[in-house]
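Take a look at the letters that make up each chain.
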Amino acid sequence: MSITSGKKKITAPDIISMKKDGEKIAMLTAYDALMAGLVDQSGVDIILVGDSAGMVMGGRENTLSVTMEEMLHYTRAVHSAVKRALLVADMPFLSYQLNPEQALKNAGRFLQEAGAEAVKIEGGAPMADTVRRLVSVGIPVMGHLGLTPQSMHQLGGYKVQGRESDKAEELLRDARILQEAGVFSLVLEKVPASLAREITGAVSIPTIGIGAGVHCDGQVLVTHDMLGLFRKFRPKFVRRYAELGNAMEEAVKNYVSDVKSNTFPDDSESY
Ligand code: KIV
């Protein structure tokens, strides 16, 4: 019997228990009520309102310009539809990096104004005090290491992280420091599978991989990527479970053709 099957609402402690029980964690993104409802009903354990919304929904080149107000708007919409999954909101660039008090104020807004049940922040050791501050007032925090897209300019793009031994050691150290500070789980993005395996074995909190191999305690993908809706680029780690972008194009072409040829609407579709 799994921890989460038949459960009314999944909590942060449930996510920690899933690692102990050897049950894999399935996480996906959502930015609106329609998608969130479909994803929630399909059985995912965690729904992340990712700042990837800036690229997927806002058409931007990267996540850096996403604001608190935008993220609160997306999170409120998702909250209105989620009944079962744990709802995690991504804190946008510069909403938590100034100091722990700024982070607390903004993380609190996600819980108080938008219905989030946890927040996600990017970064390692320098974020430890911030994690401690949020956790001290009862806000569950998900960490994010490896490729941290809010640091893409410093990292030189969206490259695999931790290939060199000194960088791998730093990531392992960061994972331990974040666990010590109190994160309940840890996203590992675009790191070699062997390193993700080592980190997963070294911490008691669950790791959730994206481009980090099969040994993580769970996996996360951007829903619009795995459904084939976001087609601007396709990282190697994205497995497409549907081609909804193609299906939508086909449907719209058929509609345009029916309108132009006067075959829509017919009598059954008229009053
Ligand atoms: O913003 C996002 O969607 C994310 C996930 C890809 C982990 O951070």
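Residues numbered from 1 in each chain as written. Predicted model: local features only at pLDDT ≥ 70, side-chain atom pairs only at ≥ 80, totals over all residues. Heavy atoms only, no water.

(A) Expanded view of the overall build of the chain. Broken down by element type, the chain carries eleven helices and eight strands. Taking 2.2 N^0.38 as the reference for a compact globule, 271 residues should give roughly 18 Å; the C-alpha atoms of the chain span a radius of gyration of 20 Å, in line with that estimate. Seen through its principal axes, the chain has C-alpha atoms that stretch 65 × 40 × 40 Å. Taken over 271 residues, the chain has a buried fraction of 51%. Counted over contacts in the chain with a minimum sequence separation of 6, partners at least 24 positions apart contribute 59%. (Helix = DSSP H or I, 4+ residues; strand = E, 2+ residues; numbered from the N terminus. Rg over C-alpha atoms; globule rule 2.2 N^0.38 Å. Buried < 20%, exposed > 50% of the residue type's maximum accessible area, 1.4 Å probe, protein only. Contact = heavy atoms within 4.5 Å.)

(B) Region of interest: the site of the ligand. Around the ligand, a shell composed of Thr29, Leu48, Gly50, Asp51, Ser52, Asp90, Lys120, His144, Ile210 and Val222 is seen. Here an oxygen atom of the ligand sits 2.5 Å away from a polar atom, N or O, in the side chain of Ser52. A distance of 3.2 Å separates an oxygen atom of the ligand from a polar atom in the side chain of Asp90. Considered class by class, the residues forming the shell around the ligand number three nonpolar, four polar and three charged. (Near = heavy atom within 4 Å. Polar contact = N/O pair within 3.5 Å; in protein donor to acceptor, adjacent residues only side chain to side chain. Nonpolar A, V, L, I, M, F, W, Y, C, P; charged D, E, K, R; others polar.)

(C) Quick look at a negative patch on the surface. A surface patch of negative charge is lined by Glu164, Asp166, Glu169, Glu170 and Glu198. It is helix H8 (residues 165–181) that contributes the most residues to the negative patch, three residues altogether. (Patch = residues over 30% accessible without salt bridge, like charges linked within 9 Å, V, L, I, M, F, W, Y side chains within 5 Å. Areas by Shrake-Rupley, 256 points an atom, 1.4 Å probe, with all protein chains shown as cover. Salt bridge = Lys/Arg side-chain N within 4 Å of Asp/Glu carboxyl O. Lys, Arg positive; Asp, Glu negative; His and termini not counted. Charge placed at Lys NZ, Arg CZ, Asp CG, Glu CD.)

(D) Representation of a nonpolar patch on the surface within the structure. Taken together, Val252, Tyr255, Val256, Val259 and Phe264 make up a surface patch of nonpolar side chains, about 430 Å² in accessible area. Tracing the backbone shows Val259 in helix H11 (residues 244–260). The exposure class assigned to Val259 is partly exposed, which follows from its relative accessible area of 38%.

(E) Structural detail: the domain arrangement of the chain. Per the domain assignment, the segments making up the chain are domain 1 (12–240) and domain 2 (244–271). Tallying the contact residues gives four residues for domain 1 and five residues for domain 2. Around 360 Å² of area is buried between domain 1 and domain 2 when both sides are counted, 50% of it from carbon and sulfur atoms. The largest per-residue losses of area from domain 1 upon contact with domain 2 belong to Leu227, Leu229 and Arg231, which jointly make up 92% of the total buried on that side. (Domains from an automatic or database assignment. Buried area = accessible area lost by both parts, 1.4 Å probe.)

(F) View of the pairing of strand E7 (residues 207–210). Along E7, one buried face is formed by Thr207 and Gly209 and the opposite face, lined by Ile208 and Ile210, is buried too. Summarising the sheet, strand E6 (residues 185–189) and E7 pair through four bridges and their orientation is parallel. From the neighbouring strand, Val187 faces E7, where its bridge partner is Ile208. (Pairing = 2+ DSSP bridges.)

(G) Geometry of the nonpolar core. Judged by nonpolar contacts, the single largest core of 61 residues is most densely connected at Ile47, Val78, Phe110, Val119, Leu134 and Leu188. Beyond its immediate stretch of four places on either side in the chain, Leu188 contacts Leu145, Ala196, Ile199, Thr207, Ile208, Gly209, Ile210, Ala212 and Cys216. Ranked by size, the runner-up nonpolar core spans 17 residues in total, among them Ala12, Met18, Leu86 and Met142. (Core = buried A, V, L, I, M, F, W, Y, C linked by side-chain atoms within 4.5 Å.)

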